[in-house]
Amino acid sequence: MANVSVYNMEGKEVGTMELNDAVFGVEVNDHLVHLAVVRQLANNRQGTQKAKTRSEVSGGGRKPWRQKGTGHARQGSTRSPQWTGGGVVFAPVPRDYSIKMNKKERRLALKSALTSRVQENKLIVLDELKLDEVKTKAMQAVLNNLNVSKAMVVLAENDQNVVLSTRNIPNVITALPNTVNVFDILKYNTVILTKAAVATIEEVYA
């Protein structure tokens, strides 16, 4: 089991904690991590784009001029793609972009992402994170004490004082153990977890 330092809100080391290797010490599978990120981005796409083909544009039922003898190129409809107001060639239609991924693969991708953060010393454990009131300045002070600027803060429970205090800080987000995902772990340089959040994640994924 990997040992990591535990810090308080002042940024001082107050002890160590053993992380479960079943979650934070797996063999990193880069392929699954990549697949999980692609899947998440694809599943966020709405897929509602639509344009009309020549068969869907109104008008154009009559041949604009006779076939021969006018000096014009032959035309069969004013709604062909080369005409203004005509249909679109190979027009996009609504579609589902979602990608499927097995549950085991999704879990291993998440564990791989967490393990990579441990290996890079970009995972910080706090003994607790409590704020008396909603105050961005107080949350920013905690981040300054920990010397991080771009971070994902994982809380064991939805503490509104912390969530609302973090909301206006650029490049910092909060998450719960059930909303942690591979994309955010990789996007934000540092993952900050409370001891309670570590316990919850290990309970779910170990």
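This is a predicted model, so every value here is computed, not measured. (Residues numbered from 1 in each chain as written. Predicted model: local features only at pLDDT ≥ 70, side-chain atom pairs only at ≥ 80, totals over all residues. Heavy atoms only, no water.)

Here we look at the nonpolar core
With 31 residues, the main nonpolar core has Phe24, Met152, Val154, Val182, Ile185, Leu193 and Ile201 as its most contacted residues. If you tally residues by element for this core, the top one is helix α3 (residues 103-119), at five residues. Not counting the four nearest positions on each side in its chain, Ile185 is found in contact with Leu110, Ala113, Leu114, Arg117, Met152, Val180 and Val191. Counting 17 residues, the second largest nonpolar core, distinct from the first, contains Ile124, Val142, Ala151 and Leu155. (Core = buried A, V, L, I, M, F, W, Y, C linked by side-chain atoms within 4.5 Å. Buried < 20%, exposed > 50% of the residue type's maximum accessible area, 1.4 Å probe, protein only. Helix = DSSP H or I, 4+ residues; strand = E, 2+ residues; numbered from the N terminus. Contact = heavy atoms within 4.5 Å.)

Things to note about unusual backbone geometry
Working note: non-glycine residues mostly have negative phi, and peptide bonds are mostly trans. The phi dihedral of Asn147 is positive, around 60°, even though this residue is not glycine. Here Asn147 shows up in the loop between α4 (136-146) and β4 (151-154). Phi at Asn171 takes a positive value of approximately 65°, unusual for a residue other than glycine. The residue Asn171 is located in the loop between α5 (160-166) and β5 (172-175) in this model.

Brief notes about the sheet that holds β5
Strand order across the open sheet formed by six strands is β2-β1-β3-β6-β4-β5, with mixed pairing between neighbours. At either end of the open sheet lies a strand with only one pairing partner, and these are β2 (13-19) and β5. Averaged over neighbouring strand pairs, the angle between their axes works out to 30° when direction is ignored. As defined by bridge partners, strand β3 (residues 123-126) adjoins strand β6 (residues 190-194) across four bridges and the pair is classed as parallel. What sits directly across from Ile124, in β6, is Ile192. (Pairing = 2+ DSSP bridges. Axes fitted to C-alpha atoms, helices over the stretch in contact; angles between N-to-C directions.)

Quick look at the packing of helix α2 (residues 30-43) against α3
Where α2 contacts α3, the axes come no closer than 8 Å and their chain directions differ by 110°. In terms of their interaxial angle, α2 and α3 are classed as roughly perpendicular. Between α2, through Leu32, Val33, Ala36 and Arg39, and α3, the contact on the second element is made entirely by Glu105, Arg106, Leu108, Ala109, Ser112 and Ala113. For the contact of α2 with α3, the class distribution of residues is six nonpolar, one polar and three charged. (Parallel < 35°, antiparallel > 145°, perpendicular 65-115°, else oblique. Nonpolar A, V, L, I, M, F, W, Y, C, P; charged D, E, K, R; others polar.)

Quick word on the pattern of salt bridges
Applying the stated criterion to the full structure yields three salt bridges. Residue Lys50 is joined to Glu56 by a salt bridge in which the shortest nitrogen-to-oxygen separation is 3.1 Å. Residue Glu56 is classed as partly exposed on the basis of its relative accessible area, which comes to 38%. With a shortest N-O distance of 2.6 Å, Arg117 and Glu120 are connected by a salt bridge. (Salt bridge = Lys/Arg side-chain N within 4 Å of Asp/Glu carboxyl O.)

Quick look at the packing of aromatic side chains
For any pair of aromatic rings, the description consists of the separation of the ring centres together with the inter-plane angle of the planes. By the definition in use, this model includes one aromatic pair. Pairing Trp65 with Trp83 gives two aromatic rings, centres 5.9 Å apart and planes at 40°, and the pair type is tilted. Placement of the pair is Trp65 in the loop between α2 and α3 and Trp83 in the loop between α2 and α3, with a sequence separation of 18 residues. One residue, Arg45, lies across the ring of Tyr97, its end atom 3.7 Å from the ring centre. (Phe/Tyr/Trp six-rings, centres within 6.5 Å; stacked < 30°, edge-to-face > 60°. Lys NZ or Arg CZ within 6 Å of the ring centre and 35° of its normal.)

Quick look at α2
Taking 1.5 Å of rise per residue, 14 residues should cover 20 Å, and α2 covers 20 Å from first to last C-alpha, within 8% of that figure. Those residues of α2 not exposed but buried are Leu32, Val33, Ala36, Val37, Gln40 and Ala42. Against the buried residues of α2 lie α3 and α6 (182-187). At the N-terminal boundary of α2, the capping side chain belongs to Asn29, with an oxygen 3.2 Å from the backbone nitrogen of His31. (Expected span 1.5 Å × (residues − 1). Polar contact = N/O pair within 3.5 Å; in protein donor to acceptor, adjacent residues only side chain to side chain.)

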